[in-house]
Amino acid sequence: MRDGTRHVAASLAAEVDVRPGELAVDVGGGDGTFLAAVLAAQPQAHGILFELDRSFDTIAPELRPYLAESRCQVQQGSFFVAVPPGDVLILKRILHDWPDEKAVEILRACVRALRPGGRIVVLDLVKKDDSGKGRSLDVLMMVLLGGRERTLTEFRELLAAAGLRLLGQPHGGGLLSVLTAVPQAVA
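Notes on the structure follow. Because the structure is predicted, anything quoted here is derived from the model rather than measured. Here, residues in each chain are numbered from 1, in the same order as that chain's written sequence. Only residues with pLDDT of at least 70 get local features here, since the model is predicted, and only at 80 or more are side-chain atom pairs given and counted; chain-wide, interface and lining totals rely on the full set of residues. With hydrogens and water stripped out, all remaining heavy atoms of the structure feed into the side-chain values.

1. Quick word on the nonpolar core
Here is the rule: The nonpolar core is taken to be a set of buried Ala, Val, Leu, Ile, Met, Phe, Trp, Tyr and Cys residues, with the residues joined through side-chain atoms within 4.5 Å. Burial classes: relative accessible area under 20% of the type maximum marks a residue as buried, over 50% as exposed, and values in between as partly exposed (1.4 Å probe, protein chains only). Secondary structure counts use DSSP, requiring at least four H or I residues in a row for a helix and at least two E residues in a row for a strand, with both numbered from the N terminus. In what follows, a contact means two residues having at least one pair of non-hydrogen atoms within 4.5 Å.
In this structure, V27, V83, L89, L91, L95, L107 and I120 are the most contacted members of the largest nonpolar core, which totals 31 residues. Listing elements by their share of this core, those giving two or more residues are strand 1 (23-27), strand 2 (46-51), strand 4 (86-92), helix 4 (100-113), strand 5 (114-124), helix 6 (152-161), strand 8 (164-171) and strand 9 (177-183). Each residue touching L95, except ones within four places of it in the same chain, is listed here: A103, I106, L107, V122, D124, R150, F155 and L158. With 25 residues, the next largest nonpolar core counts A24, A37, L49 and L67 among its residues.

2. A closer look at the packing of helix 4 against helix 6
Definition in use: Here the axes come from fitting lines to C-alpha atoms, over the contacting stretch only for helices, and the angles between their N-to-C directions go from 0 to 180 degrees. Roughly parallel means an angle under 35 degrees; roughly antiparallel means over 145; roughly perpendicular covers 65 to 115; every other angle is labelled oblique. Here is the rule for handedness: rotate from the far helix to the near one, and if that takes an anticlockwise turn smaller than a right angle the crossing is left-handed, while a clockwise turn gives right-handed. Ten residues, namely Ala, Val, Leu, Ile, Met, Phe, Trp, Tyr, Cys and Pro, are considered nonpolar, four, namely Asp, Glu, Lys and Arg, are considered charged, and the remaining ones, Gly among them, are considered polar.
Close contact between helix 4 and helix 6 brings their axes to 8 Å; oriented N to C, the two are set at 55 degrees. Taken as axis vectors, helix 4 and helix 6 run oblique relative to one another. The handedness of the crossing between helix 4 and helix 6 comes out as right-handed. Along the contact surface, helix 4 presents D100, A103, V104, L107 and R108, while helix 6 presents L158, L159 and A161. Here the residues of the contact of helix 4 with helix 6 are counted per class, giving 6 nonpolar, no polar and 2 charged.

3. A word on the pairing of strand 1
Quick note on the threshold: In short, DSSP must find at least two bridges between two strands for them to pair. Handedness rule for crossovers: strands pointing away from the viewer, path from the first strand over the helix to the second running clockwise, crossover right-handed.
Within strand 1, 5 of the 5 residues are buried, which leaves it mostly tucked inside the rest of the structure. The alternating pattern of strand 1 places L23, V25 and V27 on one face and A24 and D26 on the opposite face, and all of these are buried. With 5 bridges joining them, strand 1 and strand 2 adopt parallel strand pairing. Pairing of V27 across the sheet is with F50, part of strand 2. Chirality of the crossover, the property in question, places the unit of strand 1, helix 2 (residues 33-41) and strand 2 among those that are right-handed. Two elements, strand 1 and strand 4, share 3 bridges in a ladder whose sense is parallel. Directly across from A24, in strand 4, lies its bridge partner V88.

4. What to know about the environment of V122
Mapped onto the secondary structure, V122 falls in strand 5. Separated by 30 residues in sequence, V122 and K92 place their C-alpha atoms 5.9 Å apart. Among all residues touching V122, those that are not within four sequence positions of it are L91, L95, F155, S177, V178 and L179.

5. What about the packing of aromatic side chains?
Applicable threshold: Only centres within 6.5 Å qualify two rings of Phe, Tyr or Trp (six-membered ring in Trp) as a pair; their planes then separate them into stacked at under 30 degrees, edge-to-face at over 60, and tilted for everything else. Both a distance and an angle decide whether a charge sits over a ring: NZ of Lys or CZ of Arg must be within 6 Å of the ring centre and within 35 degrees of the ring normal.
Counted under the stated rule, the structure contains 3 aromatic pairs. Aromatic pair F79 and F80: ring centres 5.1 Å apart, planes at 65 degrees, arrangement edge-to-face. On the basis of relative accessible area, F79 is assigned to the buried category, the value being 14%. With a centroid separation of 4.9 Å and 90 degrees between ring planes, the pair formed by F80 and W98 is classed as edge-to-face. Taken together, the residues F80 in the loop between strand 3 (72-76) and strand 4 and W98 in the loop between strand 4 and helix 4 connect sequence positions 18 residues apart. Taken together, F79, F80 and W98 form an aromatic cluster joined through their ring pairs. The ring of F80 has K102 lying over it, and the distance from NZ or CZ to the ring centre is 5.0 Å.

6. Some remarks on the sheet that holds strand 4
Taken in spatial order, the 7 strands of this open sheet run 3-2-1-4-5-9-8, and their pairing is mixed. The two strands at the open ends of the sheet, each matched to only one other strand, are strand 3 and strand 8. Averaged over all neighbouring strand pairs, the angle between strand axes comes to 20 degrees, with direction disregarded. Running at roughly 170 degrees to strand 2, helix 2 makes contact with strand 1, strand 2, strand 3, strand 4 and strand 5 of the sheet.

Written out as structure tokens, the structure reads:
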């Protein structure tokens, strides 16, 4: 996972809108490789790496300077229970691991954790349809974890079920797209 993230971290981090002074929470952020790239791209932002269990020995070397500077902290917990409050909650390759019901549960926990004016950023593969790119990954996710890859329509439905709406169109390049969502009541 770390190697795959390193290849796309800088370009994807530049696509995540974290404004000066905002707190970004990398939900299920693994070893913090992607959060380190977000903090590098947004020098006035702060971050939380939120993961089930993370000891200092398993944290990415790229994140350690931000911990030392107090621009970042590590919190442990389950995204099925509660997520730390933040302005930008990042879900990179999280939702594809889960069936719709569990994905909605994760998104609802994120909605509860959003600060006023906050947003949820989903970085995931967006399938064009049920053929071609993503089909083999879709089958793999179903067999291994019960999850799946989703089309844009399916992402919109998933977000709506959690009380969210998509802002604009997905953007980004390569395999992963960046989808930004806000609570439905936000104009």
